[in-house]
Amino acid sequence: MTKFTSPPDREYFNRLVWGIVNQVPEGKVTTYGFIAGLIPPPPGMETSDYRAWGARWVGGAMAACPAGVPWQRVIGAQGKISLRPGSGGIRQREMLEAEGIYFDERGKINLDTYGWNGPGEEWLRAHGLIIQDDMTGVS
DNA sequence: TCCTTGACTCAGA
DNA sequence: CTCTGAGCCAAGG
């Protein structure tokens, strides 16, 4: 429940994160960094810093994630589950496998196969967001 | 008040 | 491929 460095407006940021995660379809996964990339960085913050911090803020939002949000579809940029074993990591893997997602022998998910492409421009516009060219890459 | 501890990512070794 | 350290902040013990 501990919070990491918080974004300027944590509640607003969290709502945005949850709204985005709700768009991830069953059988697909996305990463903390990718979600952060769909949200504009705070004024004056370097994109490189935001790439790392934003991801942690997304993690913080997930820790406070309300019921109904498919939190299990958010994984680390390396394609691995970020939740520590014993804190639900096993459950997360089972939930994803139940959705048809395959983990390789090293416990990783192939993002080229299961990675989500994003909510689409229309959705982003409807929520006052825009695609950031320098952060949309999944790789 | 001090110290630990985070649902992260990337660059190096 | 695996393992570290840096980046840099706030809540709880």
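Everything that follows concerns the structure shown earlier in this document.
Here is what the cut-offs are and how they apply
- Residues numbered from 1 in each chain as written.
- Chains lettered and ligands numbered in written order.
- Predicted model: local features only at pLDDT ≥ 70, side-chain atom pairs only at ≥ 80, totals over all residues.
- Heavy atoms only, no water.
- Helix = DSSP H or I, 4+ residues; strand = E, 2+ residues; numbered from the N terminus.
- Contact = heavy atoms within 4.5 Å.
- Phe/Tyr/Trp six-rings, centres within 6.5 Å; stacked < 30°, edge-to-face > 60°.
- Buried < 20%, exposed > 50% of the residue type's maximum accessible area, 1.4 Å probe, protein only.
- Salt bridge = Lys/Arg side-chain N within 4 Å of Asp/Glu carboxyl O.
- Axes fitted to C-alpha atoms, helices over the stretch in contact; angles between N-to-C directions.
- Parallel < 35°, antiparallel > 145°, perpendicular 65-115°, else oblique.
- Nonpolar A, V, L, I, M, F, W, Y, C, P; charged D, E, K, R; others polar.
- Expected span 1.5 Å × (residues − 1).
- Core = buried A, V, L, I, M, F, W, Y, C linked by side-chain atoms within 4.5 Å.

Draft legend 1. Looking closely at the overall build of chain A. Summing up its helical and strand segments, chain A has six helices and two strands in all. What you see in chain A, going N to C, is helices and strands ordered as α-β-α-α-β-α-α-α. The long-range share in chain A, meaning contacts at least 24 apart out of those at least 6 apart in sequence, stands at 66%.

Draft legend 2. The packing of aromatic side chains, seen in detail. Per the stated rule, a full pass over the model turns up three aromatic pairs. Measuring from centroid to centroid gives 6.1 Å for Phe34 and Trp116, while their planes differ by 70°, and the two rings are edge-to-face. Pair noted here: Phe34 is in helix H2 (residues 32–37) and Trp116 is in the loop between helix H5 (111–114) and helix H6 (121–126), with a separation of 82 residues, a long-range link. When sorted by exposure, Phe34 lands in the same class as Trp116, which is buried. For the pair Tyr50 and Trp57, a centre-to-centre distance of 5.9 Å together with 65° between the ring planes defines the contact as edge-to-face. No difference in accessibility class separates Tyr50 from Trp57, as the two residues are buried. Feature note: the residues Phe13, Tyr50 and Trp57 constitute an aromatic cluster, connected by ring pairs.

Draft legend 3. Structural detail: the pattern of salt bridges. Under the criterion given, the structure shown has three salt bridges. For Arg73, the salt bridge identified is with Glu99, shortest N-O distance 3.0 Å. Of this pair, Arg73 sits in the loop between helix H3 (47–63) and strand E2 (74–75) while Glu99 sits in the loop between helix H4 (89–98) and H5, and the two are 26 residues apart along the sequence. Across this residue pair, the class does not change: Arg73 and Glu99 are buried. Arg125 is the salt-bridge partner of Glu121, the closest N and O atoms lying 3.1 Å from each other. Placement of the pair is Glu121 and Arg125 together in helix H6, with a separation of four residues, close to one helical turn. Judged by relative accessible area, which is 46%, Glu121 ranks as partly exposed.

Draft legend 4. Here's a closer look at the packing of helix H1 (residues 10–21) against H3. Between H1 and H3, the least distance of the axes is 9 Å, while the angle of their chain directions is 80°. Judged on the interaxial angle alone, H3 and H1 are roughly perpendicular. Residue-level inspection shows Arg10, Phe13, Asn14, Val17, Trp18 and Val21 of H1 in contact with H3, the latter providing Tyr50, Gly54, Trp57, Val58, Gly60, Ala61 and Met62. A breakdown of the residues in the contact of H1 with H3 according to their chemical character gives nine nonpolar, three polar and one charged.

Draft legend 5. Expanded view of H1. Helix length check: H1 (12 residues) gives 16 Å between terminal C-alpha atoms against 16 Å at 1.5 Å per residue, within 8%. When H1 is considered as a whole, its buried residues turn out to be Phe13, Asn14, Leu16, Val17, Trp18, Ile20 and Val21. Residues of H1 that are buried make contact with H2, H3, E2 and H6.

Draft legend 6. Structural view of the environment of Met62. Looking at the secondary structure, you find Met62 in helix H3. Taking the C-alpha atoms as reference points, Met62 and Val74, 12 residues apart in sequence, are found 8.7 Å from one another. In this structure Met62 touches Val17, Trp18, Val21, Tyr32, Trp71 and Val74, once residues within four positions along its chain are discounted.

Draft legend 7. Representation of the nonpolar core. By size, the foremost hydrophobic cluster in this structure holds 26 residues, and its most contacted members are Val17, Ile20 and Val58. Only H1, H2, H3 and H6 provide two or more residues apiece to this core. Aside from chain neighbours lying at most four places away, what touches Val17 is Ile35, Ile39, Val58, Ala61 and Met62. Judged by nonpolar contacts, the second largest core, of eight residues, contains Val29, Leu96, Phe103 and Tyr114.

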